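# Chains, contacts and geometry: an overview
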There are 2 protein chains.
Amino acid sequence: MNPVDLTLYLVLDPDLCGGLENMVQTARSAAQNGATVVQLRAPDQKKRWWLDAAQQLKAALDPLGVPLIINDHIDIALAVDAAGVHVGQSDLPPAAVRQLIGPHKILGLSTSNAAQLAAVPLDLVDYIGVGPVYPTGTKLDASPVIGLDEFAQLMRAKTLPAVAIGGIKHGTAAPLIAAGVEGVAVVSAICGQADPALATRQLLNEITGARS
Amino acid sequence: MNPVDLTLYLVLDPDLCGGLENMVQTARSAAQNGATVVQLRAPDQKKRWWLDAAQQLKAALDPLGVPLIINDHIDIALAVDAAGVHVGQSDLPPAAVRQLIGPHKILGLSTSNAAQLAAVPLDLVDYIGVGPVYPTGTKLDASPVIGLDEFAQLMRAKTLPAVAIGGIKHGTAAPLIAAGVEGVAVVSAICGQADPALATRQLLNEITGARS
């Protein structure tokens, strides 16, 4: 089990961030203001872009002690020695991923319902993503919205640390924390915001407030 | 330098082949009838599909002694222990690929012009693809067509084994062999043909005839 602080999990979208340079700046700013983990997710980009982007993000985040997680592409994670990887149900299965990355990198897995949550291999995966909790326009191939009631049920059933994802903004994070999730993941609530640093601090305040 | 017989290089397209099952059957049939190397190229597919497809192809090709090359996704090549990988100019650069795959897997690199050909790192790459030599509808983001005259110039300049690609069909392979290329790569000339075995034998006959 590789520990990871899921409190405020930024998922970067290069388009929403306004390109590579702005994306790296957004990641740095968020990490400086309380984001505890940063994931790069860019399904439309080619691998040469990925390598460049991941190297720049790692250089920005390593000095801040914030882990960089690579979505889907294990080869990129290995090439830049990222802290971990995150995969969905249609990506490489956890067993294949763990064999490629070894025991010491963080492995996250997306889940959308009770069946997927029950099927998570607990000896291979370090944390789960659970979503979409709210309607979202960021991920076009997202699963059906879970909603707060079912989310609370999933939180009672889970046996791994979890991060909620999907349409979470300032003002909608607190009920998820109250339901027992370790942290929340956001995309557009930070990427493309006029002041990503402020947006990060507001989200963090809401999360820590909901915990106390 | 890892040796690879480029004589007749099949690039699989799952859509043109009519799905995964037909694709595996096409690969087996082509390998039984003279294809010397098989590449899986499927930019639209998710990694879980890729893993399944690559495992099935490897199981079909290994007994025939025909190497399986994985396009773009080094993680898939590592997961199934494929014979090699092929990357384009927008994919991971050869140095990053070689570091991931080690010294013993085949590494191919696509080139489209004299500048790209001159920039190939000879100590890292085992063979080059050169194309598109003819107009092609298979690869939508293909570079400008090279044509026979410029292709012959590239063949005189090259210092690595090469395979021609792009719109090659039975009847248009011979001039490329005559220009000095080691082999030809085809997609639609085998994938989706009514009789892939026959199509393979006809192409092989043309190539070997042009060599003698």
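Residues numbered from 1 in each chain as written. Chains lettered and ligands numbered in written order. Predicted model: local features only at pLDDT ≥ 70, side-chain atom pairs only at ≥ 80, totals over all residues. Heavy atoms only, no water.

## Notes on the overall build of chain A
Let me state the cut-off plainly: What counts as a helix is a DSSP run of H or I of at least four residues, what counts as a strand is a run of E of at least two, and both are numbered from the N terminus. Atoms counted for the radius of gyration: C-alpha only. Globule rule: 2.2 Å times the number of residues to the power 0.38. For the exposure calls, accessible area comes from a 1.4 Å probe over protein chains only, and a residue counts as buried if that area is under 20% of its type's maximum, exposed if over 50%, partly exposed in between. What makes two residues a contact is simply this: any of their non-hydrogen atoms within 4.5 Å. Here, Shrake-Rupley sampling with a 1.4 Å probe gives the accessible areas, and only protein chains in the shown set may cover a residue. Working convention for charge: Lys and Arg count positive, Asp and Glu count negative, and His plus the chain ends are omitted. Think of each charge as sitting on NZ of Lys, CZ of Arg, CG of Asp or CD of Glu.
Tallying secondary structure elements over chain A gives nine helices and eight strands in all. Relative to the compact-globule value of 17 Å for 212 residues, chain A shows a C-alpha radius of gyration of 16 Å, a close match. Relative to its full complement of 212 residues, chain A shows a buried share of 55%. Taking all contacts inside chain A whose residues are at least 6 apart in sequence as the whole, residues at least 24 apart take part in 59%. If you sum the accessible surface of chain A, you get close to 8600 Å²; carbon and sulfur atoms cover 52% of it. Here chain A carries 14 positive and 19 negative side-chain charges, and the mean point of each set is 2 Å from the other.

## A look at the sheet that holds strand β6 (residues 127-130) of chain A
All names here are of chain A. Under the convention used in this document: Should DSSP find at least two bridges between two strands, the strands are taken to pair. Axis lines are fitted to C-alpha atoms, over the contacting stretch for helices. Their N-to-C directions set the angle, which ranges from 0 to 180 degrees.
One closed barrel accounts for eight strands, arranged β1-β2-β3-β4-β5-β6-β7-β8; its pairing is parallel. Direction aside, the axes of adjacent strands within the sheet are offset by 25° on average. Note: strand β1 (residues 8-12) against strand β2 (residues 37-40), four bridges, orientation parallel. Its bridge partner being in β2, Val11 is matched across the sheet by Gln39. Contacts between helix α2 (residues 20-32) and the sheet are confined to β1 and β2, with β1 contributing the most and set at about 175° to the helix.

## Some words on the relation of the copies chain B and chain A
We apply this condition: Here the copies are matched by least squares. The fit uses the C-alpha atoms of residues with pLDDT of at least 70 in both.
The transformation that overlays chain B on chain A combines an axial shift of 0.0 Å with a rotation of 180°, and the residual RMSD is 0.0 Å. Viewed as a symmetry operation, the transformation between the two copies matches a two-fold axis. Measuring from the rotation axis to each C-alpha of chain B, the shortest distance belongs to Asp75 of chain B, at 2.4 Å. In this assembly the copies share their binding face: 100% of the residues contributing to the interface of chain B also contribute to that of chain A.

## A short note on the side chain of Ser29 of chain A
Following the sequence through the fold, Ser29 of chain A ends up in helix α2. Apart from residues no more than four positions distant in its own chain, Ser29 of chain A is found in contact with Pro196 and Ala197 of chain A.

## What to know about the interface of chain B and chain A
For clarity, the cut-off: Accessible area that two parts lose when put together, evaluated with a 1.4 Å probe and summed over both, is termed the buried area. The term salt bridge refers to a side-chain nitrogen of Lys or Arg lying within 4 Å of a carboxyl oxygen of Asp or Glu. Definition of a polar contact: a pair of N or O atoms within 3.5 Å, with one able to donate and the other able to accept a hydrogen when the atoms are protein atoms, and with sequence-neighbouring residues admitted only if both atoms are side-chain atoms.
With 21 residues of chain B in contact, the opposing surface of chain A contributes 21 residues. At the boundary of chain B with chain A, total buried surface from both sides reaches about 1700 Å², with 61% on carbon and sulfur atoms. Joining chain B to chain A, the criterion identifies four salt bridges. Lys46 of chain B is paired through a salt bridge with Asp91 of chain A; the nearest N and O atoms lie 3.5 Å apart. Linking chain B with chain A are ten residue pairs in polar contact (both at pLDDT 80 or more). Where the side of chain B that touches chain A is concerned, the elements lending two or more residues are α3 (47-61), α4 (74-80) and α5 (94-101) of chain B.

## With respect to the pattern of salt bridges
One pass over the structure, following the stated rule, counts 14 salt bridges over all chains. One connected set of salt bridges, linked through shared partners, spans Lys47 and Asp75 of chain A together with Asp72 of chain B.

## Let's talk about the packing of aromatic side chains
The geometry of an aromatic ring pair is captured by the separation of the ring centres together with the interplanar angle, meaning the angle of the planes. Residue and element names in this part refer to chain A. The line we're drawing: Two aromatic rings, drawn from Phe, Tyr or Trp (for Trp, its six-membered ring), form a pair once their centres lie within 6.5 Å of each other, and the interplanar angle then sorts them: stacked below 30 degrees, edge-to-face above 60, tilted otherwise.
On inspection of all chains with the given rule, the structure shows four aromatic pairs over all chains. Taken together, a centroid distance of 6.5 Å and an interplanar angle of 90° make the contact between Trp49 and Trp50 edge-to-face. Across the pair, exposure class does not vary: Trp49 and Trp50 are buried alike.

## Considerations on the environment of Pro43 of chain A
Residues and elements named next belong to chain A. Here Pro43 is to be found in the loop between β2 and α3 (47-61). Exposure remark for Pro43: the relative accessible area of 57% places this residue in the exposed category. Distance from Pro43 to Asn71, taken between C-alpha atoms, is 8.5 Å for residues 28 residues apart in sequence.

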